[in-house]
Structures are given as C-alpha cells and as structure tokens.
Amino acid sequence: MSTTRLLLTGATTPIGVALVRALLDDPTIDHVLAVGREPAASLGLPLGERLSYERVDLRRSRARRRLLFGPARERGVTTILHTALHRRAQDSGRRIHDLNVEATRELLHLAERHPTIDRFIFRSSAAVYRIVADKPSVIDEEHPLNLGPRAPQWIRDRVEADLTVCTQMGLSRLKILVLRCAECLAPDAGSQLYDYLQAPVCLRPLGFDPMLNLLSMGDAIRSLRLALACECEGIFNIPGADTLPLSRLIALAGRRQVPLPEPLLGPLYRLRTATLGSDFRYDLNSWRFHFSGVLDGRRAAAGLDYRPATRLDWPLSGASG
Amino acid sequence: MVASTRPSLAARIAARARAALPLDWREQVESLRYADAGHGFDSLGLHPDTVAFGAQALRFLYERYFRVRSSGAENIPGEGPAILASNHSGALPFDGAMIYLDVLRKSRPARVVRPVLDLFVPGLPFVSTFFARLGAIGGSRGTVRYALEQGELLLIFPEGTEGIGKNFSQRYQLQRWRVGHVELAIRYGAPVVPVAVIGAEEQWPQIARLDSVHVLGIPYLPLLLTPLPLPVRYHILYGEPVDFRGRLTPQDADDPEKVAAAAAQVKAAVAELIAKGLAEREGIFR
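*Asks:* Mind laying out unusual backbone geometry, listing which residues take part and the relevant values?
*Replies:* Here the amide bond leading from R108(B) into P109(B) is cis, since omega sits at -10°, within 30 degrees of zero. Within the secondary structure, P109(B) sits in the loop between α4 (94-106) and β3 (113-117). At D305(A), a position not held by glycine, the phi torsion is positive, near 60°. Along the chain, the position of D305(A) falls in the segment after α11 (298-303). Although it is not a glycine, R67(B) adopts a positive phi angle of roughly 45°.

What follows is the structure, given as structure tokens:
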C-alpha cells in the first residue's frame, strides 16, 4: 500500500481541522504536516509521529521557502493540499492578494523543484464561475470563469489562483488536481451564505429565486480524501447534496425573507455591514441571487468516485439566533 | 436558527391548486417522474407543486379559451431524450403553454416537456422563476445539453423570436429555421417529434413591430391589432418522430451540410403537418 506524506495549508480552519482528524484515521496517510498562522493549540489535536504543525505566515515568500525546503523536506512530504485562502470578504489589499494568489503560485513553483513532492492539490471554489442569465445554470468545468474587470478582489483572487494552478496542468512534472467546491455552509469557513443567514431578516431580489447548491462539511472532507487517494489530475467540480432555491434556503434557516427591488439591496447590505459588522457582501452575491448556478459533478463522479452524499443539518448548527 | 415548519404561502397555494385539479389532470401530475435534487426541486428548478399550480392556473385557457384539440400524442416518446420542434407565433408564447399543458395531459406515461427559452427570458423578474418551476430551461447550449443527457423531453421553437414576432401577413409561413435542435438531436441520439400548432398564428394579429424598442431585454415591441388574444381554437398535431440514429452518427452533428439537411427534413415535416391541420380545420374559431 502506497502511503502519503501530506503538507496541508489552512489546517486551522474548520475544514482543515476536520480533515486532519479524518486523515489521522486513514492508514494510507503516513504523516500530516499541518500549516496555519495560529498557534499549534488552535489545531486542538495532539502532535506526534503522524502529525506535526508549523506556524507559518504564507503571505511571506521567505516563510514559504523555509517551509518547503525545511520541515517539508525533512518529513519527506509527497503531496501538498493547499486550502489556505483568505476567508473574510470585507478585507482587501495587497496582503490578502499575497495569501490568495502569490502563496499559491509560489508553493506550486517551489513544489516543482522539490525533491520529494510529486502532487499538488488545490481546493478552489465555485465562486470562480461566472453566473449570468445567458450562461448554463448547470455548471460544468468548462463554464466561463468570472474574469470581469469589476469583480471584487475576493473573486478576482480566487479566479487568479485557480488559473495559476490550472495553467501548470500538463506542463509541470507534478500531478495537479483542482477541486472547485460548492459553498460549504458552515461557520468560519468563508461562507457568504452563512453570514447572510445570520440576519433575522434576509433580503433578496424581487422576482428572482435562483437554485443554489451547497456542500456539507462531511462531503467537503470526503472529496478531499478521495482527491488524496486518486492518482488522476485535472479540474473537478465538487457539488453538495443540497440543491434548493434561495427562498427555501432562507426558510430552512428559520429566517424571514423580504424580496426587494434590486437597487435597494446593495445600499441596505452596506448599511448593515457598517452598523452591525457583517461579512456578507451583496456585490459578491448579486448575480447568484438572480440566476441559478448548480455545479455539475459528473466528472468528479467518474474521476474521483465522488458523489454528494451528506445533506446539511437543518437547522444549521452553530448559528446564532 | 430554527427551521420554519409552516409551509410557505407559495407551497400552500400550490397544494390547494393540486387538490383543485380534476382527477385526470391530478393523476397525470402526481405520476410525473423527475430527478429530485434534494428538496423537491430538480437541478434546473422544476417543482411538481408549481407544475400543478400552473396546470390549474392555465387550464382555463387550455379547455375554455383556446379549446385545444390535439392528435398524435402517442408519437411523444414515453421516456428518454426527445425534442418537440414546433412552429411558433402569436406575440406571446401561448403556443408553448398549450403544448406544455397538452403534453402534461396526454403523454403516457406522464411527462413534463421542458420548453427551451430564449436567452433573455431568465433575466426577466417573476417570469424566469415561474417558468423555471414549471420546467422551462434557459436556451444556453450547456443547459440544453445537460437536459438531454438527463433524458428530458424538450420543446424547441426553431424559428425563435422571428416566429413569435412575425406579422399577421406571414401567418403559417415558417421563418428562418435554426438548426440547433437538429445538432442536439444528432449528437445525443434524441428523436425529433415535429409539431404543428394551428390557431396561434391568428390569435393576436401583429401589424408591425418596433425593433428599436427593448424593454427588459425583449428584442422588439409588437404592435397588435387587439388588446387581448382572440379566442381562436388551437389544434396541435404531433407527427411521427424523425430519428437520425440509424443514418447519422453523433460526429455528424459537426457537419454543417448534414445538419442543414436534417433540419430541412424536420422543417418539411412541420410544414406538412401545418398544411394538414389547416386543411382539416373548419374555421379559425371552430
């Protein structure tokens, strides 16, 4: 049985921690080198022979090099699973870009000349896709990406990081896998919808009720494990088991919904952010609040043997209200 | 968060509409098969309760106003991908609605036909959502391809807006016949059922159209002779399916000449059905 020695970025995020727990139960995983910006205690797991932790600020180029040619080489890491993207949508600027894009680019380039690494798996997101009226509502991997010049940095960075990895596919000696995951509706997972549903009243565009697809934590972890177990490379959509209209989502979350004319929504949500400090940004979500965007997971079913299986727990756990 | 257990207003209305349907309609609606994507909707937005509501809401038009008669419904395949290709007219797509209801009523086993909408329709408020819940899909190539791969029955008007926007003087003259439906049929092995709608071409006489006026993305503004559509009688004729599978391979969908010839065959079949329907009817309102 071949074993994997894994470097996992974003290890202290909820998905990262859950993944580490799952990997420690997997006999094919020889060692997990978990990487995060927080102290090791935030991982909440005992370090030992199969789990080590490095506190690294991936925004710094020197730190990235030290990580790969220091601890990663010492532990004979064979696979990088890169999940670290900045989660707060309200933040922007060069330092955010450094984490989202430059870290991805450099980790990939460093891995190419690394003596032991031969695989690079990038956890991208469905936010990279362009959702408009005249494009398919069921989104396959060839769907146009959101390259609009007016797209917010949160989206631009994700598209750039995704493309940075995709352009190396077939050119690099590494086996490269990109997973474009549906939104994982969980706290602290960078979910815009989760923040949206924190308000007791959810505003949505009058006259539109698009279909959404959501990923549970269980399926998110399972898709990453299947990617680790797979020798293939390519781009794969990772849909979730919950496909439902926005209105139904709001109802299931136990929130009151108020449809309003589109021009009012942006200012009202900006006001809410200014007064209550929400991370939800309407400008990031306005298109998908109008037009359906459901991931087509058939390639992942064929290539990774991944099929969504676990529905979200309704009502959502960990939510206030 | 506490999940709402009380059905929404829309759900309650849909449930009442379903209960109010006559038994034969209700049996058809309740026997519909659809790929539930998890919450009672399919991936493209179809919702059976809204289908029931739509049937109840539009049944008056179907049974009383346009008094639809149809023949050849046995030509609609009972399962698997298939395409209904019809002439198109009438200023507003009542012809699509009547075909939709007729297929719902008469297909055995019951099927929902998925009308393929022009690209501007998903951008229309209310209309886009209601149509999606009824099963209509946006006309982008990817969505149509997905629907066929899922074995859906599609309704395509190859004339597009040129058909629905034609003037009264052009009634029953097929306009430029696009070839996309035939490309899809060849590539995905879907039979094409030619359909003729008689009556819709006279329902709302259009005397001119303003091509420079675009409201909500609609490509033109029609100038109509009457404030409401006329209560013409609809006759819907379904022809024998045209199946390309024996003659053409999926690769032939990339051959423009073969595609054009296949589209011409479908167009001729529709034209023949129109001629038959016009010859058989006793009058516009009868």
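Having seen the model, we can carry on.
*Asks:* Let's hear about the sheet that holds strand β8 (residues 183-184) of chain A: which residues, and what values?
*Replies:* All names here are of chain A. Pairing is mixed in the open sheet, where 3 strands are placed in the order β8-β10-β12. Edge strands, defined here as strands with exactly one partner in the open sheet, are β8 and β12 (242-245). When strand β10 (residues 211-215) meets β12, the two strands line up antiparallel, connected through 4 bridges. Opposite M211, over in β12, you have P245 as the bridge partner.

*Asks:* So what's going on with the side chain of K166(B)? Residues and values would help.
*Replies:* All names here are of chain B. For K166, the location among the structural elements is in the loop between α7 (161-164) and α8 (180-188). At 3.4 Å, the side chain of K166 forms a polar contact with the backbone oxygen of H88. In contact with K166, not counting residues within four places along its chain, are H88, S89, E159, Y172, Q173, Q175, E201 and Q206.

*Asks:* Which residues make up the nonpolar core, and what values do they have?
*Replies:* Ranked by internal contacts, the top residues of the largest apolar core, which has 50 residues, are L43(A), L81(A), L179(A), I238(A) and L304(A). For this core, the secondary-structure elements that each account for two or more residues are β1 (4-9), α1 (14-24), β2 (29-36), β3 (51-55), α5 (153-166), β7 (175-181), α7 (217-229) and β11 (234-238) of chain A. Here the element with the most residues in this core is α1(A); it accounts for 6 residues. Excluding residues within four positions of it along the chain, L179(A) makes contact with I121(A), F122(A), R123(A), S124(A), S125(A), S223(A), L224(A), A227(A), F236(A), I238(A) and L304(A). Membership of the second largest hydrophobic core comes to 41 residues, among which are W25(B), A82(B), A91(B) and V193(B).

*Asks:* I'd like a description of the pattern of salt bridges, backed by residues and values.
*Replies:* Two side chains bearing opposite charge may form a pair once their charged atoms approach each other closely. Overall, the coordinates contain 44 salt bridges over all chains when judged by the stated rule. Residue R114(B) pairs with D42(B) through a salt bridge whose shortest N-O separation is 2.9 Å. One end of the pair, R114(B), is in strand β3; the other, D42(B), is in the loop between α2 (23-30) and α3 (48-65), with 72 residues separating them in the sequence. The burial state of R114(B) is the same as that of D42(B); both residues are buried. Members of the salt-bridge network, linked through shared partners, are D57(A), R59(A) and R60(A).

*Asks:* Before we move on, could you go through a nonpolar patch on the surface and cite the residues and values that matter?
*Replies:* A contiguous nonpolar surface patch, about 430 Å² in accessible area, is contributed by I207(B), L210(B), L221(B), L223(B) and L225(B). Within the fold, L225(B) resides in the loop between β8 (221-224) and β9 (235-238).

*Asks:* Tell me about the interface of chain B and chain A, and name the residues and values.
*Replies:* On the chain A side, the residues contacting the 28 residues of chain B number 36 residues. When chain B packs against chain A, the two sides together hide about 2400 Å² of surface, and 59% of this comes from carbon and sulfur. The interface formed by chain B and chain A contains 3 salt bridges. Here R133(B) and D209(A) are joined by a salt bridge, their closest N and O atoms 3.6 Å apart. For the pair chain B and chain A, the number of links is 9 residue pairs in polar contact (both at pLDDT 80 or more). If you list the elements that add at least two residues to the side of chain B that touches chain A, you get α5 (127-134) and α6 (141-149) of chain B. Ranked by the residues each element gives to the side of chain B that touches chain A, the list is headed by α6(B), at 5 residues. Partitioning the side of chain B that touches chain A into residue classes produces 12 nonpolar, 12 polar and 4 charged.

*Asks:* Talk me through the state of the cysteines; I want residue IDs and the actual numbers.
*Replies:* All names here are of chain A. A full pass over the atoms with the stated rule returns 1 disulfide over all chains. Across the disulfide, C230 is cross-linked to C232 (sulfur-sulfur distance 2.3 Å). Residues C230 and C232 are joined through a disulfide that is right-handed, its torsion about the S-S bond being 140°. For C232, a relative accessible area of 23% translates into the label partly exposed. Unpaired in terms of disulfides, C181 finds its nearest cysteine sulfur in C184, a separation of 8.4 Å. C181 gets classed as buried once you look at its relative accessible area, which sits at 2%.

Rules and cut-offs
- Sequence order as written defines residue numbering, which begins from 1 separately in each chain.
- To read the labels, note that chains go from A and ligands from 1, taken in the order they are written.
- With pLDDT at 70 or above as the cut-off, local features in this predicted model cover only qualifying residues; side-chain atom pairs require 80 or more to be listed or tallied, and sums for whole chains, interfaces and linings still use all residues.
- Side-chain numbers here rest on the full set of heavy atoms in the structure, without hydrogens or water.
- In this description a helix means any DSSP run of H or I spanning at least four residues, a strand means any run of E spanning at least two, and both kinds are numbered starting from the N terminus.
- Paired strands, as defined in this entry, are two strands with at least two bridges between them according to DSSP.
- The definition of a polar contact used here is a pair of N or O atoms within 3.5 Å, where within protein one atom must be able to donate a hydrogen and the other to accept one, and adjacent residues in sequence count solely through side-chain atom pairs.
- Contact between two residues is taken to exist if any of their heavy atoms lie within 4.5 Å; hydrogens are not considered.
- By convention a nonpolar core is built from buried Ala, Val, Leu, Ile, Met, Phe, Trp, Tyr and Cys residues, the set being connected through side-chain atoms within 4.5 Å.
- Per-residue accessibility, obtained with a 1.4 Å probe over protein chains only, is compared with the maximum for each type, and a residue is labelled buried under 20%, exposed over 50%, and partly exposed between these values.
- Salt bridge, as used here, is a side-chain nitrogen of Lys or Arg placed within 4 Å of a carboxyl oxygen of Asp or Glu.
- Within the patch definition used here, like charges are joined within 9 Å and nonpolar side chains (Val, Leu, Ile, Met, Phe, Trp, Tyr) within 5 Å, considering only residues with over 30% relative accessible area and no salt bridge.
- To be clear on the numbers: accessible area is Shrake-Rupley with a 1.4 Å probe, and residue cover counts the displayed protein chains and nothing else.
- The term buried area refers to how much accessible surface (probe radius 1.4 Å) is lost by two components on association, counted for both of them together.
- Residues are grouped as follows: nonpolar covers Ala, Val, Leu, Ile, Met, Phe, Trp, Tyr, Cys and Pro; charged covers Asp, Glu, Lys and Arg; every other residue, Gly included, is treated as polar.
- Two cysteine sulfur atoms make up a disulfide if the distance between them is within 2.5 Å.

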